[in-house]
Amino acid sequence: MIDENCIFCKIANGQIPSATVYEDEKFKVILDMGPATRGHALILPKEHFQDVCGLSETYSKDILPLAAKIGCAMMKGLGCDGFNLVQNNGEAAGQTVMHFHMHVIPRYADGPRNIASWEPQSADGEELKVLAEQIKNAF
Ligand code: 5GP
Ligand code: ZN
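These remarks concern the structure in this document.

Parameters and conventions
Residues numbered from 1 in each chain as written. Chains lettered and ligands numbered in written order. Predicted model: local features only at pLDDT ≥ 70, side-chain atom pairs only at ≥ 80, totals over all residues. Heavy atoms only, no water. Salt bridge = Lys/Arg side-chain N within 4 Å of Asp/Glu carboxyl O. Helix = DSSP H or I, 4+ residues; strand = E, 2+ residues; numbered from the N terminus. Donors = N, O, S within 2.8 Å, 3.2 Å for Na, K, Ca; no water. Tetrahedral: all angles 85-135°; square planar, octahedral: opposite > 155°, others 65-115°. Buried < 20%, exposed > 50% of the residue type's maximum accessible area, 1.4 Å probe, protein only. Contact = heavy atoms within 4.5 Å. Pairing = 2+ DSSP bridges. Axes fitted to C-alpha atoms, helices over the stretch in contact; angles between N-to-C directions.

1. Regarding the pattern of salt bridges
Summed over all chains, the structure comprises six salt bridges. Residue lysine 61 is joined to aspartate 62 by a salt bridge in which the shortest nitrogen-to-oxygen separation is 3.4 Å. Between glutamate 133 and lysine 136 there is a salt bridge, with the nearest N and O atoms lying 3.1 Å from each other. Within this pair, glutamate 133 and its partner lysine 136 are both found in helix α3 (residues 125–136), separated by three residues, close to a single helical turn.

2. Description of the coordination of the zinc ion (ligand 2)
Taken together, Cys6 (SG), Cys9 (SG), His48 (ND1) and His99 (ND1) make up the full set of protein donors to the zinc ion (ligand 2), lying 2.0 to 2.3 Å away. Here the zinc ion (ligand 2) is ringed by four donor atoms whose angles at the metal span 104 to 117°, and the overall shape comes out tetrahedral. Read from N- to C-terminus, the donor residues coordinating the zinc ion (ligand 2) fall into the pattern C-x2-C-x38-H-x50-H. Separated by 39 residues along the polypeptide, cysteine 9 in helix α1 (residues 7–12) and histidine 48 in the loop between β3 (41–45) and α2 (57–77) bring together distant segments of the chain. The residues cysteine 9 and histidine 48 share a single accessibility class, namely buried.

3. As for the side chain of histidine 48
Residue histidine 48 is classed as buried on the basis of its relative accessible area of 17%. If sequence neighbours within four positions are ignored, histidine 48 has contacts with Met1, Ile2, Asp3, Cys6, Cys9, Met98 and His99.

4. Quick look at the sheet that holds strand β2 (residues 27–31)
One open sheet holds the five strands; their spatial order is β1-β2-β3-β5-β4, and the pairing between them is antiparallel. The open sheet has two edge strands, β1 (20–23) and β4 (82–86), and neither has a second partner. Ignoring strand direction, the axes of neighbouring strands in this sheet form an average angle of 20°. Relative to β2, β1 runs antiparallel, the two being bridged by three bridges. When the bridges of β2 are listed, glutamate 23 appears paired with lysine 28.

Quick look at the structure:
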C-alpha cells in the first residue's frame, strides 16, 4: 500500500526524483539530502510502513542483506572505513519521516566522529533482570 501524503512513498515510487543508488521491485536506495557523512544513504521500501513494528516479512527478510550490500559497496566505491546501519522508530527515537527507512552511514577514519553514539548509563544486575522480564512478557 502507498500513502499519497507520504514523501518517501513518492520518492520510492519515482513521483519525486532522487539520487538513486539502487532499485529493485521492493526497494529504492537514495542519498540523504541532509547527510551525516559523505554518501549517507536511505533504504526505502516501495510500500508504506510506519516503522519496523509494521514492516511485513516480505520486506524485512531482505533489508539486512540489502543494507550489507550497500555498505560494502560504500567501502569499495567511496573508500569509507566502515559504516553504521541506523533505523529510528518513533519520534522519541529520532524518527522524523514516518515511513520505515534504514540509514546506511559511511564512516571515515578522519571523521566526522559523533554519529550514532550515546553516553553509557549505569544499570545494576537486578534492574536488568526486571527489564528483561518486562520485554519478554510482552512478546
Ligand atoms: P529519520 O530521522 O526519520 O530517521 O530520518 C529521516 C532522514 O530523511 C533524515 O536524515 C533527512 O535528512 C532525510 N530526508 C527527509 N526528507 C528527505 C527528502 O525529501 N529527500 C531525501 N533525499 N532525504 C530526506
Ligand atoms: Zn510512505
